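Listed below, chain by chain, are the residues.
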Amino acid sequence: MIIKPEVFEDQFVPRQLPHRDGKVEQLSRALNPALRGERPLDVLLTGPSGVGKTVLARHTIGRLQEQTAVHRTYIRCLGLEARGILRTALRKHPGGPKAVAEDATTEALRNELRDCVDGPYILVLDEADGLPDTAALDHLDRIPEISTVIICHDVEDWQARLGNSTTRFRSDDTVRLERYTVDELADILEIRVREGLSGTVPRKRLEHISDTVAGVARDGIQTLKAAVERAQEQGRSELTDDDVEDGYERARTRIRTSNLYSLPFHHHLLYAIIHSAGEIKAGALHDRYEAAEDRYRGRDLMPLTPRARRSKLSKLKRYGLIDWTGDSRHRVYRVQDEAIAPQISIESVSA
DNA sequence: TATCCACCGGAATTTATGGAAG
DNA sequence: CTTCCATAAATTCCGGTGGATA
């Protein structure tokens, strides 16, 4: 029985981070100058998705704030450009203005930010892979009190991106997180069980979950939650292996559904055609797409030529939404998970 | 078994968009 | 305001692929 749903939410920051002691310590060391009122070091925090990069940053900075008054702001970079970063950094700073003008230029924002920071200010740039360029960093570079914790997936990609940019945010320190082992992740799940559920779950079952999700903590926690929900629906208090397998499917479906919904119309149309066909050969897919081009009426997008469609199909595959077998003109497309319903209906082209 | 050809995907090129500079 | 520049997305071009066809 779930008694504290928040324990299973992505934003939940646990009081303890098992098996991350060394990483917490490393990050703390970099940030500790703040205890003396000095500027913390810049840190690059990397690792695959779902292994606790954001949680590590929140947890460690949270502890720092218990010891000293230091300002910090979390910014999810996805979809933001330099202006958006500066605006958020300014708006969330305690000494910042109540409202920031909509049309303020990047320079104006930067100057205003520089004038209001009065001590160490830590910016956590989450999902920094999503930044279009280094412009944001180049601006922040000119405000001496600001330091950064940059969270991204791949160090090499990130450094290549910095390229010839002269920013000082080349990171004094890099904290790398890896996937958890089965045992480690089971420990983490045990804590969630203790804090969020009314009953207990046998260790073996938690290890089964950990193994199923291959050490990705976020998936493990979501799978645990979905498995418990399933058992609850069926009036059982104990988890079975089937609950775990089904919970994993549900968790994956949720993630993929949100993946699909985040994509533009092109992808939705292609996905809807494949979903309604079940299996569809390349030629037929392109024919139906062309037959459905009237769907673009009233949108500010234009139908794509075949080459661009292929790019969208590749993306759908990367997102775990479709799959295919065969090659060249004999390729057959299909959806990976029937349970993920398309957002648009394509009755008119399903014939 | 040689050729055909519809589709694939890398690479170069064009187009659209938005910010910065003058 | 215009011009310039950078970037991303889409198109154009084209060699590669492999089951179908004769």
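Higher on the page you've got the structure.
To start, this report covers the structure provided alongside it. Remember, predicted model here, so these are calculated numbers, not experimental data. (Residues numbered from 1 in each chain as written. Chains lettered and ligands numbered in written order. Predicted model: local features only at pLDDT ≥ 70, side-chain atom pairs only at ≥ 80, totals over all residues. Heavy atoms only, no water.)

**Comments concerning the pairing of strand β4 (residues 146-152)**
With 7 of its 7 residues buried, β4 lies for the most part within the structure. Burial along β4 is two-sided: the residues Ile146, Thr148, Ile150 and Cys152 and Ser147, Val149 and Ile151 are all buried. Direction of pairing for strand β1 (residues 43-46) relative to β4: parallel, over a ladder of 4 bridges. From the neighbouring strand, Val43 faces β4, where its bridge partner is Val149. (Buried < 20%, exposed > 50% of the residue type's maximum accessible area, 1.4 Å probe, protein only. Helix = DSSP H or I, 4+ residues; strand = E, 2+ residues; numbered from the N terminus. Pairing = 2+ DSSP bridges.)

**Observations concerning the sheet that holds strand β7 (residues 322-325)**
Taken in spatial order, the 3 strands make up an open sheet running β6-β8-β7, and their pairing is antiparallel. Edge positions in the open sheet fall to β6 (279-281) and β7, since each of these has one partner strand only. If you compare each strand with its neighbour and ignore which way they point, the axes differ by 25° on average. Its contacts with the sheet put helix α11 (residues 265-277) on β6, β7 and β8 (332-335), and the angle it makes with β8 is roughly 90°. Packed on one face of the sheet, helix α13 (residues 306-318) meets β7 and β8 and runs near 110° to β7. (Axes fitted to C-alpha atoms, helices over the stretch in contact; angles between N-to-C directions. Contact = heavy atoms within 4.5 Å.)

**Side note on the pairing of β8**
Sheet analysis places β6 next to β8, joined by 3 bridges and oriented antiparallel. The partner of Ile280 across the bridge, within β8, is Tyr333. As defined by bridge partners, β7 adjoins β8 across 4 bridges and the pair is classed as antiparallel. Within β8, the position partnered with Thr325 by the bridge is Val332. Here β7 folds back onto β8, and the loop between the two strands holds 6 residues, one of which, Gly326, carries a positive phi near 80°.

**Considering the packing of helix α1 (residues 21-31) against helix α2 (residues 53-67)**
Two measures define how a pair of helices packs: the angle their axes make with one another and the distance between the axes. Running from amino to carboxyl end, α1 crosses α2 at an angle of 55°, the nearest separation of the two axes being 10 Å. Between α1 and α2, the crossing angle belongs to the class labelled oblique. The element α1 and its partner α2 pack so that their crossing is right-handed. Facing α1, whose interface residues are Lys23, Val24, Leu27, Ser28 and Leu31, α2 presents Leu56, Ala57, His59, Thr60, Ile61, Arg63 and Leu64. A class-by-class count of the residues in the contact of α1 with α2 yields 7 nonpolar, 3 polar and 2 charged. (Parallel < 35°, antiparallel > 145°, perpendicular 65-115°, else oblique. Left-handed = near helix turned anticlockwise from the far one by under 90°. Nonpolar A, V, L, I, M, F, W, Y, C, P; charged D, E, K, R; others polar.)

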